[in-house]
Amino acid sequence: MGYPHKSDPKENVVLSEYFGDAGARTYDGWVERGGYKALKTALGMEPNAVTDIVKQSGLRGRGGAGFPTGLKWSFMPKEKTRAHYLCCNADESEPGTFKDREIMRWTPHALIEGCAIGQYAIGAEVCYIYIRGEFTEPIKVMQAALDAAYANGVLGDNAMGSGKKLDMYIHRGAGAYICGEETALMNSIEGRRGNPRIKPPFPAAAGLFGMPTTINNVETLAAVPHIINRGAEWYSGLSLASEKSSGTKLLSVCGNVRKPGNYEVTMGFPLKELIYDLCGGMPEGRTLKAVIPGGSSVPILTREEAEGCILDYEGCVAAGTMLGSGGVIVFDDSVDMVYQIMRLAKFYAHESCAQCTQCREGTAWTVRILERILAGKGTQDDIDLLLDLADQMTGKTICVLSDSCAVPVVSGITKFRDEFDAYISGAREPVLTHG
Amino acid sequence: MQEAAEYQSVFVGAAREKLDDIMSRYPTKRAALLPALWIVQEERDWIPEGAMIEIAELLDITAAQVKGVATFYTMYHKHPVGENFIQVCTTSPCNVCGAENVVKALLKETGCGELGATSPDGKFTITEVECLGACGFATPIMVNDDFLDSVTMETVPEVVARYRDGKATG
Ligand SMILES: Cc1cc2nc3c(=O)[nH]c(=O)nc-3n(C[C@H](O)[C@H](O)[C@H](O)COP(=O)(O)O)c2cc1C
Ligand code: SF4
Ligand code: FES
């Protein structure tokens, strides 16, 4: 549902059905609402059969990259000579994204159930749920739910009487966006700095503690119990446009809209309807200027592009952007695009782990040059410099944080060039004194 | 070093039991490092050098390794902070919803004057922070461990008043 707003009839409420319903947080409340049936079913199946259902459902990773979940699970070694691990990525820090927080706050048992099914399918006795350190309330709610799951025999040495051992622990982050990157997250659990690792080896071969590891996003795992309960065909049929994108997607809408919140729609839903109908459109007297549809790391769309964009993996690519994490950032006509692009670059500069020169230096210089432009001291050469820097920052580093910083800069300059030019020519008053 | 001389062990009694329990969840001792740092911060409000040495001994790693990790993560305080540590998200989604006005109002209302400075009464320190993962509830702020949604310029005085007389929770 459009939490904190009432559900809209155009939504397709699956994961968010109980957002705002505190009764769903408790173990008993969750069981009353049909909880833990899917885990019971899964534990009665062959692990491979569980993976096959997830494969057939077409579920793709909701953490940003959209990688097919069942396929990822099938990469885990079948023979079990070593420990296997599942990591649940609850580091949610991509600007514009706030869906995993609501899943954990309102339906903690849905996530526990999804993790447990995933663990069983990949043969992992231990699952670590990595929650960003600032999420103090979700951590409390999740910990209480985990305690209840253990107390009721869902987890532990004999999970739901299956004879299987399933342990699950929360690992609290401590303020670092980069720990959402899967290999940085593993380092962080191991008690190290959150530096991403060079791949290969991929996590399924050598991940956490050097062991075969699968890592999935909160929303991905929370969808799994529904797929087990209602079948792969039901899930793969949830699609309004491309067959390659199935299921529902939680879209976190923020920025300049009347009703920001989390809206759950069937894949293929038009972005225009999301903004104008579900979210009530722009604030009084304003018009739409730009939209970033998938979290701050994906290209910015102009109003025209946004109004024609279909929200699924393929639709977003067709519009020149990506679905990413589903964090929809809306900018109205009062927004200074140059300033906001600087602010996004500043985010990446702050969050760079500083291992790669292109990223460490590139993000910092991008901010400095943008600040210079905002201080009225920029030149046309600075635009070329920014684009050249962006080029140097793309495809050359250990992880894609560096690329992500270049994305808003390049799409911003391409699509809102007049705003940059206005600062450079002096047609617009400087807004910064330093730079 | 003076501080080391005065250092009182954190990991005794319940805190030690908590750490032992956490260590049992991982195949290596080192993996308990982030949780151990959290325990120190819960007990002492910041992470003194002595605690880093103590953790290093308990987890069989070097003090430099502990320091390297403690400094990587922004939520660990390497210095004592004001009684109420306020962090305001000013990343773009919140920025376009007036987050910078919330910062200004907080600086004025607490008397901090500028970011990073502690207010004359020692009660507040304010910093800007990157996305708190609650962008639809602009502007989210954290006061110590409390996460507050939807703070506006207008509600700032009420928020500050609530924390001025000690650490309120919620
Ligand atoms: C810099 C960076 C930050 C990321 N942050 C997150 C995050 O906060 N949450 C998340 O689920 N995935 C994040 N990812 C993606 C993960 O690396 C990984 O692809 C994802 O957790 C896999 O889960 P999924 O297949 O279920 O999507 C991030 C990636 C990068 C490069
Ligand atoms: S690209 Fe940036 S964040 Fe990623 S590993 Fe390199 S320096 Fe670290
Ligand atoms: S941008 Fe402020 S919480 Fe995400």
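Residues numbered from 1 in each chain as written. Chains lettered and ligands numbered in written order. Predicted model: local features only at pLDDT ≥ 70, side-chain atom pairs only at ≥ 80, totals over all residues. Heavy atoms only, no water.

Engineer: Before we move on, could you go through the overall build of chain A and cite the residues and values that matter?
Structural biologist: Helix and strand counts for chain A stand at 18 helices and 11 strands. For 435 residues, the compact-globule estimate of 2.2 N^0.38 gives 22 Å, and the C-alpha radius of gyration of chain A, at 22 Å, lies within 12% of that figure. Expressed along its principal axes, the backbone C-alpha trace of chain A runs to roughly 70 × 45 × 35 Å. Burial statistics for chain A: of 435 residues in total, 62% are counted as buried. (Helix = DSSP H or I, 4+ residues; strand = E, 2+ residues; numbered from the N terminus. Rg over C-alpha atoms; globule rule 2.2 N^0.38 Å. Buried < 20%, exposed > 50% of the residue type's maximum accessible area, 1.4 Å probe, protein only.)

Engineer: Quick one: what's the story with the overall build of chain B, residue by residue and with numbers?
Structural biologist: Scanning chain B from terminus to terminus reveals 8 helices and 4 strands. The order of helices and strands in chain B, counted from the N terminus, is α-α-α-α-α-β-α-α-β-β-β-α. Its C-alpha atoms give chain B principal-axis dimensions of about 50 × 35 × 25 Å. Counted over contacts in chain B with a minimum sequence separation of 6, partners at least 24 positions apart contribute 60%. Here chain B displays about 7,300 Å² of accessible surface, and carbon together with sulfur accounts for 51% of that area. A gap of 2 Å separates the mean positions of the 14 positive and 25 negative side-chain charges of chain B. (Contact = heavy atoms within 4.5 Å. Areas by Shrake-Rupley, 256 points an atom, 1.4 Å probe, with all protein chains shown as cover. Lys, Arg positive; Asp, Glu negative; His and termini not counted. Charge placed at Lys NZ, Arg CZ, Asp CG, Glu CD.)

Engineer: Can you lay out the sheet that holds strand E3 (residues 167-172) of chain A for me, pointing to particular residues and giving the numbers?
Structural biologist: If you walk across this open sheet you meet the 4 strands as E3-E2-E1-E4 (chain A), and the pairing is parallel. Sheet topology places E3 and strand E4 (213-217) of chain A at the edges, where each strand pairs with a single neighbour. Averaged over neighbouring strand pairs, the angle between their axes works out to 20° when direction is ignored. Both strand E1 (residues 85-90) of chain A and E4 of chain A contribute to a ladder of 5 bridges, which runs parallel. When the bridges of E4 of chain A are listed, Cys87 of chain A appears paired with Ile215 of chain A. Packed onto the sheet, helix H7 (residues 136-151) of chain A meets strand E2 (126-131) and E3 of chain A and runs at close to 165° relative to E3 of chain A. Docked against the sheet, helix H3 (residues 33-44) of chain B engages E2 and E3 of chain A, running at close to 55° with respect to E3 of chain A. (Pairing = 2+ DSSP bridges. Axes fitted to C-alpha atoms, helices over the stretch in contact; angles between N-to-C directions.)

Engineer: Pulling in residues and values, what's your account of helix H15 (residues 357-374) of chain A?
Structural biologist: Residues and elements named next belong to chain A. Look at H15: 25 Å from first C-alpha to last across 18 residues, which is about the 26 Å you get at 1.5 Å a residue. Every buried residue of H15 is listed here: Cys359, Gly362, Thr363, Thr366, Val367, Ile369, Leu370, Glu371, Ile373 and Leu374. Those residues of H15 hidden inside the fold are in contact with helix H14 (337-351), helix H16 (380-392), helix H17 (401-415) and helix H18 (417-425). Positive backbone phi, at 80°, marks Gly376, one or two positions downstream of H15. (Expected span 1.5 Å × (residues − 1).)

Engineer: Describe the pattern of salt bridges, with residues and values.
Structural biologist: Residue and element names in this part refer to chain A. Going through the model one piece at a time under the given rule, you end up with 38 salt bridges over all chains. Arg25 is the partner of Glu137 in a salt bridge, and the nearest nitrogen-oxygen pair spans 3.5 Å. Highlighted residues: Glu137 in helix H7 and Arg25 in the segment before helix H1 (27-32), separated in sequence by 112 residues. Notably, a salt bridge pairs Glu219 with Lys99, separated by 3.0 Å at the nearest N-O pair. Separated by 120 residues along the polypeptide, Glu219 in helix H9 (residues 218-230) and Lys99 in helix H5 (residues 99-106) bring together distant segments of the chain. Glu219 sits in the buried class, given a relative accessible area of 0%. (Salt bridge = Lys/Arg side-chain N within 4 Å of Asp/Glu carboxyl O.)

Engineer: Before we move on, can you summarise the site of ligand 1 with the specific residues and values?
Structural biologist: Residue and element names in this part refer to chain A. Lining the immediate environment of ligand 1, one finds 18 residues, of which Gly63, Lys72, Asn89, Asn217 and Thr220 sit closest. A distance of 2.7 Å separates an oxygen atom of ligand 1 from a polar side-chain atom of Thr220. In the complex, 89% of the free accessible area of ligand 1, which totals 610 Å², lies under the protein chains. Put simply, ligand 1 lies in the largest pocket. (Near = heavy atom within 4 Å. Polar contact = N/O pair within 3.5 Å; in protein donor to acceptor, adjacent residues only side chain to side chain. 1 Å grid on protein atoms, 1.4 Å probe; cavity = no way out; pocket = protein on both sides within 12 Å on 5 of 7 lines; lining within 4 Å. Sits in = over half its atoms within 2 Å of the grid points.)

Engineer: Describe the domain arrangement of chain B, with residues and values.
Structural biologist: Domain annotation for chain B reports domain 1 (4-72) and domain 2 (84-164). Inter-centroid distance (C-alpha atoms) of domain 1 of chain B to domain 2 of chain B is 30 Å. (Domains from an automatic or database assignment.)

Engineer: Which residues make up the packing of aromatic side chains, and what values go with them?
Structural biologist: All told, the structure shown has 18 aromatic pairs over all chains when counted by the stated rule. Ring centres 5.0 Å apart and planes at 70° place the aromatic pair Phe72 of chain B and Tyr73 of chain B in the edge-to-face group. Like Phe72 of chain B, the residue Tyr73 of chain B is buried in the burial classification. One aromatic cluster in this structure is built from Tyr3, Phe19, Phe98 and Trp106 of chain A together with Phe137 of chain B. Across the ring face of Phe135 of chain A, the terminal group of Arg132 of chain A is positioned such that the distance to the ring centre comes to 5.5 Å. It is Arg368 of chain A that lies over the ring of Trp365 of chain A; its NZ or CZ is 4.2 Å from the centre. (Phe/Tyr/Trp six-rings, centres within 6.5 Å; stacked < 30°, edge-to-face > 60°. Lys NZ or Arg CZ within 6 Å of the ring centre and 35° of its normal.)

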